[in-house]
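A closer look at the structure
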Amino acid sequence: MRVVKLNKYSGSTTKMNFHNEVPYLSFRALDKYLWLNNGFTTRLGGVSSGFLSSMNLGFGRGDTEENVVQNHEIIADTMGFLAKDIVATHQTHTTNIRVVTKDDCGKGLYKPRDYENIDGIITNEPGVILAAYFADCVPLYIVDTKNKVIGLSHSGWRGTVGKIGKKTIELMRETFGSKPEDITACIGPSICQKCYEISRDVAKEFTDVFSGNVKDILVDKGNDKYLLDLWRCNQLIFQEAGVLSENIHTTDICTCCNPDTLYSHRGHNGKRGNMAAFLSIKQERFEK
């Protein structure tokens, strides 16, 4: 088996999986649900070249469309689903969430989206593969394990200060009757606090929203520079939404600390590809 090294990685919340020598990460807390498929890609195992080498899943990063589609097909085969069933977000750092169905499968990959400005997607339909894209921002995996409802959201600093995780849960409740106490929430590979420097104006937005937890999330470096802990912010957001603390699982994988294995917008000075988070309810479970 191929060995993929990650810095500061304990393996406590995630594990590295391989199929046909292509690696991807999955959450241990979600792997135990046999009706669920979850994963987060690395930058390894694809066909892209140069600074995009090699599993680039992002259109508009300087890659060919053919490479990006082929990479999606490779990772789909690796994870055990069909690329044609992927439904992709249209990420613009909003807190907009959309309910998606079988009718949306293929949108953002094989056919155009008929929606835009969508950073979160939810469904209760088997065989719909939720996909969101990352290179430092925070992937949020949200699973109602009782009613079999899933959500996947993209949470950069704007999404985090806007509490997209909480808003995703609220839409799951409004649409499908999900209860926070039935939800397992996972905070995926993204930039760690030591690597994430922000300006004073951004820090001000967080001190306003997280006024009771400023010491938990911000370190003052001086000269109007701060270090922000997006992982802790999203933990607090999930707790505020009513998710039980024992059902919140946080990565210890920093995208910026692992430039050889993961893409990082900051770590690669913007010259990078995109990784993807995938989440789905398995089709075969419901056909037996």
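Shown above is the structure to which this text applies.
So, here's what we can say about the structure. Computed from a prediction, not measured in an experiment: that's the story for all the values here.

What about the overall build of the chain?
- When helices and strands are counted, the chain shows eight helices and 15 strands.
- In summary, the chain has a C-alpha radius of gyration of 18 Å against a globular reference of 19 Å for 288 residues, a match within 12%.
- In the chain, which comprises 288 residues, the proportion classed as buried is 58%.
- Taking the contacts inside the chain whose residues are at least 6 apart along the sequence as the reference set, 66% of them involve residues at least 24 apart.
- Here the chain displays about 12200 Å² of accessible surface, and carbon together with sulfur accounts for 45% of that area.
- Each charge class in the chain was averaged separately, 35 positive and 34 negative side chains, and the resulting centres sit 3 Å apart.

Focus on the packing of aromatic side chains
- In this structure the tally under the stated criterion is six aromatic pairs.
- Geometrically, the ring pair formed by phenylalanine 206 and phenylalanine 210 is stacked, given 5.9 Å between the ring centres and 10 degrees between the ring planes.
- Positioned above the aromatic ring of tryptophan 35 is the side chain of lysine 148, whose terminal nitrogen or guanidinium carbon lies 5.2 Å from the ring centre.

Some points on the sheet that holds strand S6 (residues 120-123)
- Read from one edge to the other, the open sheet built from six strands follows the order S5-S6-S9-S8-S10-S14, with strand pairing classed as mixed. Edge positions in the open sheet fall to strand S5 (97-99) and strand S14 (248-250), since each of these has one partner strand only. The mean angle between the axes of side-by-side strands here comes to 15 degrees, regardless of whether they run parallel or antiparallel.
- Relative to strand S9 (residues 149-155), strand S8 (residues 138-144) runs antiparallel, the two sharing seven bridges. When the sheet's bridge partners are listed, proline 139 is paired in S9 with histidine 154.
- Sheet contacts for helix H4 (residues 164-176): S5, S6, S8, S9 and strand S10 (183-187); angle to S9, the most-contacted strand, approximately 155 degrees.

Points about the environment of asparagine 147
- With respect to the element layout, asparagine 147 can be found in the loop between S8 and S9.
- Here the alpha-carbon distance between asparagine 147 and glycine 11, two residues 136 residues apart in the chain, equals 28 Å.
- Aside from chain neighbours lying at most four places away, what touches asparagine 147 is Phe176, Gly177 and Ser178.

Structural notes on the side chain of threonine 250
- In this structure, threonine 250 sits in strand S14.
- Its relative accessible area of 16% is what places threonine 250 among the buried residues.
- Engagement of the side chain of threonine 250 in a polar contact is seen with the side chain of glutamine 235, the distance being 2.8 Å.
- In contact with threonine 250, other than residues within four places in its own chain, are Thr13, Ile187, Trp231 and Gln235.

Re the sheet that holds strand S3 (residues 36-41)
- An order of S1-S2-S3-S15-S7-S4 is seen for the six strands of this open sheet, with the pairing classed as mixed. For this open sheet the edge positions go to strand S1 (14-19) and strand S4 (86-88), each flanked by a neighbour on one side alone. Recorded for the sheet is a direction-independent mean angle of 30 degrees between the axes of neighbouring strands.
- Contacts from helix H2 (residues 65-79) reach S1, strand S2 (22-27), S3, S4, strand S7 (129-134) and strand S15 (275-281) within the one sheet, and its direction differs from that of S2 by about 60 degrees.

Remarks on the nonpolar core
- The biggest cluster of nonpolar side chains holds 39 residues, and the ones touching the most others in it are Ile198, Phe206, Ile217, Leu228, Leu230 and Phe238.
- Elements supplying a minimum of two residues to this core: S8, helix H3 (157-161), H4, S10, helix H5 (200-209), strand S13 (225-228) and helix H7 (230-240).
- For this core, the element with the highest residue contribution is H7, accounting for six residues.
- The contacts of isoleucine 198, once residues within four sequence positions are left out, are Ala203, Leu218, Asp224, Lys225, Tyr226 and Leu228.
- Val4, Phe27, Ala132 and Val143 belong to the second largest nonpolar core, which has 36 residues in total.

Re unusual backbone geometry
- At the junction of serine 53 and serine 54, the peptide bond is cis and its omega measures out at -5 degrees in the coordinates.
- One can find serine 54 in the loop between S3 and H2.
- For lysine 163, which is not a glycine, the phi torsion comes out positive at approximately 60 degrees.
- Within the secondary structure layout, lysine 163 lies in the loop between H3 and H4.

Remarks on the pattern of salt bridges
- A complete count under the given rule lists 12 salt bridges for this structure.
- The salt bridge partner of lysine 107 is aspartate 104, with a shortest N-O separation of 2.7 Å. One exposure class covers both lysine 107 and aspartate 104, and it is buried.

Reading guide: rules and limits
- Residues numbered from 1 in each chain as written.
- Predicted model: local features only at pLDDT ≥ 70, side-chain atom pairs only at ≥ 80, totals over all residues.
- Heavy atoms only, no water.
- Helix = DSSP H or I, 4+ residues; strand = E, 2+ residues; numbered from the N terminus.
- Rg over C-alpha atoms; globule rule 2.2 N^0.38 Å.
- Buried < 20%, exposed > 50% of the residue type's maximum accessible area, 1.4 Å probe, protein only.
- Contact = heavy atoms within 4.5 Å.
- Areas by Shrake-Rupley, 256 points an atom, 1.4 Å probe, with all protein chains shown as cover.
- Lys, Arg positive; Asp, Glu negative; His and termini not counted.
- Charge placed at Lys NZ, Arg CZ, Asp CG, Glu CD.
- Phe/Tyr/Trp six-rings, centres within 6.5 Å; stacked < 30°, edge-to-face > 60°.
- Lys NZ or Arg CZ within 6 Å of the ring centre and 35° of its normal.
- Pairing = 2+ DSSP bridges.
- Axes fitted to C-alpha atoms, helices over the stretch in contact; angles between N-to-C directions.
- Polar contact = N/O pair within 3.5 Å; in protein donor to acceptor, adjacent residues only side chain to side chain.
- Core = buried A, V, L, I, M, F, W, Y, C linked by side-chain atoms within 4.5 Å.
- Salt bridge = Lys/Arg side-chain N within 4 Å of Asp/Glu carboxyl O.

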